[in-house]
Amino acid sequence: MIPVSMTAPSRSAALLLEFCLEHRNQMLAVLKQMVEMESPSDNKTAVDNLGAFLAREFERLGGEVNIFPQKKYGDHLIAEFAGSGDGKPVLLLGHFDTVWPLGTLANMPFRVEGGRAWGPGVLDMKAGIAMMMFALQALSSMGNGKHRPVTVLLDTDEEVGSESGRPVVEKAAADCVAVLVLEPAQGAEGHLKTARKGVGNYVIRVHGRAAHAGVDFEKGHSAVVELARQVLEVAKFTELSRGITVNPGVIRGGTRTNVVAAEAWAEVDIRVARADDARELEHKFAALRPVDPECSLEVSGGLNRPPMERTEGTVRLFDIAREEAKKLGMVLAESATGGGSDGNFTSALGIPTLDGLGAVGEGAHAAHESILVEELPRRTALLARLLESI
Ligand SMILES: [Zn+2]
């Protein structure tokens, strides 16, 4: 029962929460359906199969669905919901591809056990999509009738860098007043994400000169040895105190032990907290020179997700979320993360972006991927209240 003394906004929060608590099992049922439709980024047929399901579901909820056909990846999907006024829409952003190959379900079946729901992609981020669906339903059944239009955008190649999703995300976000990203929350405390590092990749390729390691060793110029020097050099670019990390994660080179290596290369992951730091790294990578003048270097790559910096607009969104969370009995905190999401793109366009609004759990991309079932209803209610408050 709702005490009559409650203020209007608190009453609205209570009604939305009641709806979400009552629909907990339906949420889990939809989540099960989604998890059981495996959707690895690189399998278009599988991803499109889930996309067709999602299109039907969002249409059933009253959304106007548009499909963005893709050749290589799954088709992206947008569902638009009318609001009460004619203000700019709020964008609910997510992806429905996962990092899990087809067949993962055999060893990691969807199950609810010990207060958690388990399965591939359950946390990252199929639960977030279920939350979007039920927040919209809560709004239309129990909402105060006042909210902006809502645009739901789900893309299909987020886990592999959003090559095809990025332009769709940027175009949709450009018309929106704010972006709410339903990626998983940070940690067991369920922190929201107000800053994300920018992410990039470089490839350093060394061309040396091959020679027989025994017969004419001195005629060779080892690409492997030269690459080793370059790897040590770029590792020095890391500056933890500024949030800059440079990780030569993969190296390859040479053919046989008795051959002086002609070719070698390294793949390097970079993370930066600020856009300016990416430019600085760009200069440093461009300035790399071979120590052995007979070897040559080829350096390619750069930033592919700009950092999501903690802007004023994002902090304002977080403040609203924290106030609304209080009405639902939750204490919300914010955090920064080294991982990127599509929120990086929208934030870099200057659109206030709040991330980590999805499920609370652990083990994204890992065998123990799971969500806390108890957190689902109230975080869904929070999402619905946010849509009424922005
Ligand atoms: Zn994700």
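Residues numbered from 1 in each chain as written. Predicted model: local features only at pLDDT ≥ 70, side-chain atom pairs only at ≥ 80, totals over all residues. Heavy atoms only, no water.

**Looking at the overall build of the protein**
Tallying secondary structure elements over the protein gives 10 helices and 18 strands in all. Based on the C-alpha atoms only, the size of the protein along its principal axes is roughly 90 × 45 × 40 Å. Per-residue burial for the protein yields a buried fraction of 51% across its 390 residues. Pairs at least 24 residues apart make up 80% of the contacts formed inside the protein by residues separated by at least 6 positions. Summed over its atoms, the accessible surface of the protein is roughly 17200 Å², and 53% of this surface lies on carbon and sulfur atoms. Counting 41 positive and 52 negative side-chain charges, the protein places the averaged centre of each group 2 Å from the other. (Helix = DSSP H or I, 4+ residues; strand = E, 2+ residues; numbered from the N terminus. Buried < 20%, exposed > 50% of the residue type's maximum accessible area, 1.4 Å probe, protein only. Contact = heavy atoms within 4.5 Å. Areas by Shrake-Rupley, 256 points an atom, 1.4 Å probe, with all protein chains shown as cover. Lys, Arg positive; Asp, Glu negative; His and termini not counted. Charge placed at Lys NZ, Arg CZ, Asp CG, Glu CD.)

**Section: the coordination of the zinc ion**
Note on metal geometry: ideal angles are 109.5 degrees for four donors arranged tetrahedrally and 90 or 180 degrees for six donors arranged octahedrally. Note on the zinc ion: its protein donors are His-95 (NE2), Asp-124 (OD), Glu-183 (OE) and Glu-183 (OE). The metal-donor distances range over 1.9 to 2.7 Å. Because the angles between the four donor atoms bound to the zinc ion fall within 53 to 145°, the donor set is best described as irregular. Mapped onto the sequence, the residues coordinating the zinc ion show the spacing H-x28-D-x58-E. With Asp-124 in helix α4 (residues 122–142) and Glu-183 in the loop between β7 (178–181) and β8 (192–196), this residue pair connects regions lying 59 residues apart in the sequence. (Donors = N, O, S within 2.8 Å, 3.2 Å for Na, K, Ca; no water. Tetrahedral: all angles 85-135°; square planar, octahedral: opposite > 155°, others 65-115°.)

**Quick word on the sheet that holds strand β9 (residues 198–207)**
Here four strands make up an open sheet; going across it, the order is β11-β13-β9-β14 and the pairing antiparallel. Across the chains shown, the open sheet's two edge strands, defined by having one partner strand only, are β11 (245–253) and β14 (296–305). If you compare each strand with its neighbour and ignore which way they point, the axes differ by 15° on average. (Pairing = 2+ DSSP bridges. Axes fitted to C-alpha atoms, helices over the stretch in contact; angles between N-to-C directions.)

**What to know about the side chain of Ser-12**
Tracing the sequence through the fold places Ser-12 in helix α1 (residues 8–22). A polar contact is formed between the side chain of Ser-12 and the side chain of Glu-388, at a distance of 2.8 Å. Those residues in contact with Ser-12, other than ones at most four positions away along the chain, are Asn-144, Arg-385 and Glu-388. (Polar contact = N/O pair within 3.5 Å; in protein donor to acceptor, adjacent residues only side chain to side chain.)

**Description of the nonpolar core**
Core analysis: the biggest nonpolar cluster contains 69 residues, and Leu-31, Met-34, Leu-54, Phe-58, Val-152 and Leu-180 have the highest contact counts within it. Sorting elements by how many residues they give to this core places α4 first, with 14 residues. Excluding anything up to four places from it in sequence, Phe-58 contacts Gly-63, Val-65, Ala-79, Phe-81, Ile-129, Met-132, Met-133, Leu-136, Val-152 and Leu-154. Formed by 20 residues, the second largest nonpolar core is a distinct cluster that contains Ala-223, Ala-278, Phe-285 and Leu-288. (Core = buried A, V, L, I, M, F, W, Y, C linked by side-chain atoms within 4.5 Å.)

**Overview of the packing of aromatic side chains**
Scanning the entire structure with this criterion turns up three aromatic pairs. Ring geometry for Phe-58 against Phe-81: centres 6.4 Å apart, planes inclined by 70°, an arrangement best described as edge-to-face. Here Phe-58, found in helix α3 (residues 44–60), pairs with Phe-81, found in strand β2 (residues 76–81); they are 23 residues apart in sequence, far enough to count as distant. Assigned by exposure class, Phe-58 and Phe-81 land together as buried. Ring geometry for Tyr-202 against Phe-285: centres 3.8 Å apart, planes inclined by 0°, an arrangement best described as stacked. Separated by 83 residues along the polypeptide, Tyr-202 in strand β9 and Phe-285 in helix α7 (residues 275–286) bring together distant segments of the chain. (Phe/Tyr/Trp six-rings, centres within 6.5 Å; stacked < 30°, edge-to-face > 60°.)

**Re unusual backbone geometry**
Following Asp-124, the chain continues to Met-125 via a peptide bond in cis, the omega torsion being -10°. Topologically, Met-125 is positioned in helix α4. A positive phi angle, near 60°, is found at Ser-162, a position not held by glycine. Structurally, the position occupied by Ser-162 is in the loop between β6 (150–155) and α5 (165–174). Positive phi, close to 65°, is recorded for His-365, a residue that is not glycine. With respect to the secondary-structure elements, His-365 resides in the loop between β17 (361–362) and β18 (370–372). Accessibility expressed as a relative area gives 42% for His-365, which makes it partly exposed.

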